Amino acid sequence: MSTCDIGLIGLAVMGENLVLNMESRGFRVAVYNRTTSVVEAFEKGRGNGKNFVFAKSLADFVGALKRPRRAQIMVKAGAPVDAVIEQLIPLMEPGDVIIDGGNSLWTDTQRREKALKEKGIHFFGVGVSGGEEGALKGPSIMPGGSKEGWESLAPIYTKIAAVVDGSPCCRHMGPDGAGHYVKMAHNGIEYGDMQLICEAYAILKAAINPTAEEFAQIFTDWNKGELDSFLIEITSKIFTRKDPETGKPIVDLILDKAGQKGTGKWTVGHAVEMGVPLSVIGSAVEARILSSIKEQRVFASSILKGPAAKPFTGDRAKLIEAVRDALYASKITSYAQGMVQLGAASELYNWNLNFEDIASIWRGGCIIRARFLNRITEAYKKDPTLKNLMLDPFFAEVLNRTQSNWRIAVTSAVENGVAVPGFSSALAYFDSYRSANLPANLLQAQRDFFGAHTYERTDKPAGEKFHYDWLS
Ligand code: 6PG
């Protein structure tokens with residue numbers, strides 16, 4: 001009866017592809033969905049003839065699992081996850097493992113882990129990245145939960161994950177919410193990467209207006225170098241696709257209103273709460289919000305004027321090169337910020353996150369997979385306590401080398417009235433971080449002036465507070 005290595009509840013796109021992946025690696029999997037017709041359709045369709053138990057009730061589902069039982073939930077984040085857990089609890093035993101593989105809020109995972117621990121059940125919050133194809137062929141997996149629970153899950157997850165240089169893109173991230181937090185940070189970084197690519201496109205479009213074919217070529221070329229990544233690759237492909245109805249490039253017909261499901265906002269919100277600058281991802285979230293108020297923008301465009309259009313007189317190839325460098329430098333900055341956030345969260349929750357592991361498992365399977373993650377892995381391998389990725393000798397050299405082109409790209413955008421919040425906020429972070437002196441002396445004076453908030457002096461020991469009698 002109890003023959004299955006693992007079970008999965010929720011046969012939507014990700015769930016269905018994950019179980020097919022598990023089955024293809026030799027595991028026997030129980031599947032269950034609240035709507036029985038979904039299980040029946042899977043039984044007749046993609047699951048037909050394969051090593052599954054198609055459970056029609058939750059009791060049958062749990063009954064089909066080997067002990068200690070491993071039951072993975074793949075339903076919409078939020079209340080539906082709690083509802084499934086509630087139904088599972090009376091059917092499970094101490095030592096069993098319940099896994100939530102969705103994009104859940106890490107604090108929900110912490111709460112659920114705590115509640116289930118009291119019943120002796122291990123609860124795992126597992127980030128799974130890679131979309132439909134990744135789920136089927138090998139995603140990047142970010143599990144968070146107890147060491148004992150991990151021992152029971154590791155043989156399955158390390159076998160279904162993507163593999164880079166012989167190593168699976170799956171490591172135990174840490175206890176309770178660590179896996180879901182790392183997945184959330186991954187999504188934030190994904191937002192940043194996507195926004196930066198869009199800004200590169202916008203700068204070039206405004207300055208030299210390449211055709212879709214030319215854009216496809218530019219991104220194909222970029223994908224051969226330092227920027228080699230999944231997102232650059234799909235961007236080059238996007239420019240080659242035509243609308244069957246009109247024959248025009250499909251990208252030119254897509255409405256410029258971006259959607260979002262919330263993980264980017266969570267990332268930025270928590271960074272702000274911890275006092276960590278996360279300007280690139282913050283810009284990306286805001287850019288999506290601004291894009292979504294299309295009607296207001298259309299109206300505003302008739303009232304608020306940008307600079308007069310000027311014909312491009314420079315060297316096209318040089319501008320493309322400058323934008324490429326700006327994209328790379330901004331991307332490095334965004335990852336630097338993201339890793340600082342992970343460090344702060346690790347300290348806050350005592351997670352003891354391993355940044356080498358994190359960068360390493362993002363090298364394959366996930367949406368942000370990229371060649372340069374090898375360099376980030378190396379940077380943290382060399383120095384696990386690295387304060388900021390920009391200080392690693394390899395990345396410092398890249399930033400110092402590319403910064404003049406970075407400024408050229410941002411200047412081109414500013415001159416043409418093109419918003420590049422990602423590029424410019426990254427540059428501002430770089431310029432702030434590398435400045436021994438900032439104008440905060442004046443800010444402190446202002447605070448002391450209106451609120452007697454006091455200040456420290458450059459010529460006195462640190463920590464000593466002064467107040468100036470501004471009104472006399
Ligand atoms: C992944 C993706 C996936 C999804 C995000 C972002 O890693 O496979 O990150 O989880 O793309 O939820 O979605 P939105 O852009 O809709 O917020």
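For clarity, every value in this text was computed on a predicted model and none was experimentally measured.

### Observations regarding the nonpolar core
Of all hydrophobic cores here, the largest spans 87 residues; its most connected members are W222, L342, W362, I376 and F423. Counting the residues that make up this core, at least three belong to each of domain 1 (6-176) and domain 2 (183-433). Beyond its immediate sequence surroundings of up to four residues, W362 is in contact with S140, M142, V182, H186, I189, M339, L342, I368, R369, A370 and L373. Core analysis: the second largest hydrophobic core is formed by 30 residues, F52, F124, V126 and A135 among them.

### Details of the sheet that holds strand 5 (residues 97-100)
Here we have 7 strands laid out as an open sheet, ordered 3-2-1-4-5-6-7, and mixed in their pairing. Of all strands in the sheet, those bounded by a partner on one side alone are strand 3 (52-54) and strand 7 (140-144). Each strand axis lies, on average, 25 degrees off the axis of its neighbour in the sheet, ignoring direction. Across the sheet, helix 7 (residues 147-160) is in contact with strand 1 (6-9), strand 4 (70-73), strand 5, strand 6 (122-129) and strand 7; its angle to strand 6 comes to roughly 25 degrees.

### What about helix 18 (residues 421-433)?
For helix 18, with 13 residues, the first-to-last C-alpha span of 18 Å sits near the 18 Å given by 1.5 Å per residue. Among the residues making up helix 18, those that are buried are G422, F423, S425, A426, L427, Y429, F430 and D431. Of the surrounding secondary structure, the elements contacted by the buried residues of helix 18 are helix 8 (178-208), helix 12 (279-292), helix 14 (316-349) and helix 17 (393-416).

### Side note on the site of the ligand
Around the ligand sit 13 residues, and of these S129, E190, Y191, K261 and R288 come closest. Take S129: an N or O atom from its side chain is 2.4 Å from an oxygen atom of the ligand. Backbone polar atom of K261 to an oxygen atom of the ligand: 2.8 Å apart, as the coordinates give it. Burial of the ligand by the surrounding chains reaches 82%, relative to a free accessible area of 410 Å². Class assignment for the residues of the shell around the ligand results in 2 nonpolar, 7 polar and 4 charged. Of the domains in this structure, domain 1 (6-176) and domain 2 (183-433) are the two that each give at least three residues to the shell around the ligand.

The rules behind these values
- Residues numbered from 1 in each chain as written.
- Predicted model: local features only at pLDDT ≥ 70, side-chain atom pairs only at ≥ 80, totals over all residues.
- Heavy atoms only, no water.
- Core = buried A, V, L, I, M, F, W, Y, C linked by side-chain atoms within 4.5 Å.
- Buried < 20%, exposed > 50% of the residue type's maximum accessible area, 1.4 Å probe, protein only.
- Domains from an automatic or database assignment.
- Contact = heavy atoms within 4.5 Å.
- Pairing = 2+ DSSP bridges.
- Helix = DSSP H or I, 4+ residues; strand = E, 2+ residues; numbered from the N terminus.
- Axes fitted to C-alpha atoms, helices over the stretch in contact; angles between N-to-C directions.
- Expected span 1.5 Å × (residues − 1).
- Near = heavy atom within 4 Å.
- Polar contact = N/O pair within 3.5 Å; in protein donor to acceptor, adjacent residues only side chain to side chain.
- Areas by Shrake-Rupley, 256 points an atom, 1.4 Å probe, with all protein chains shown as cover.
- Nonpolar A, V, L, I, M, F, W, Y, C, P; charged D, E, K, R; others polar.

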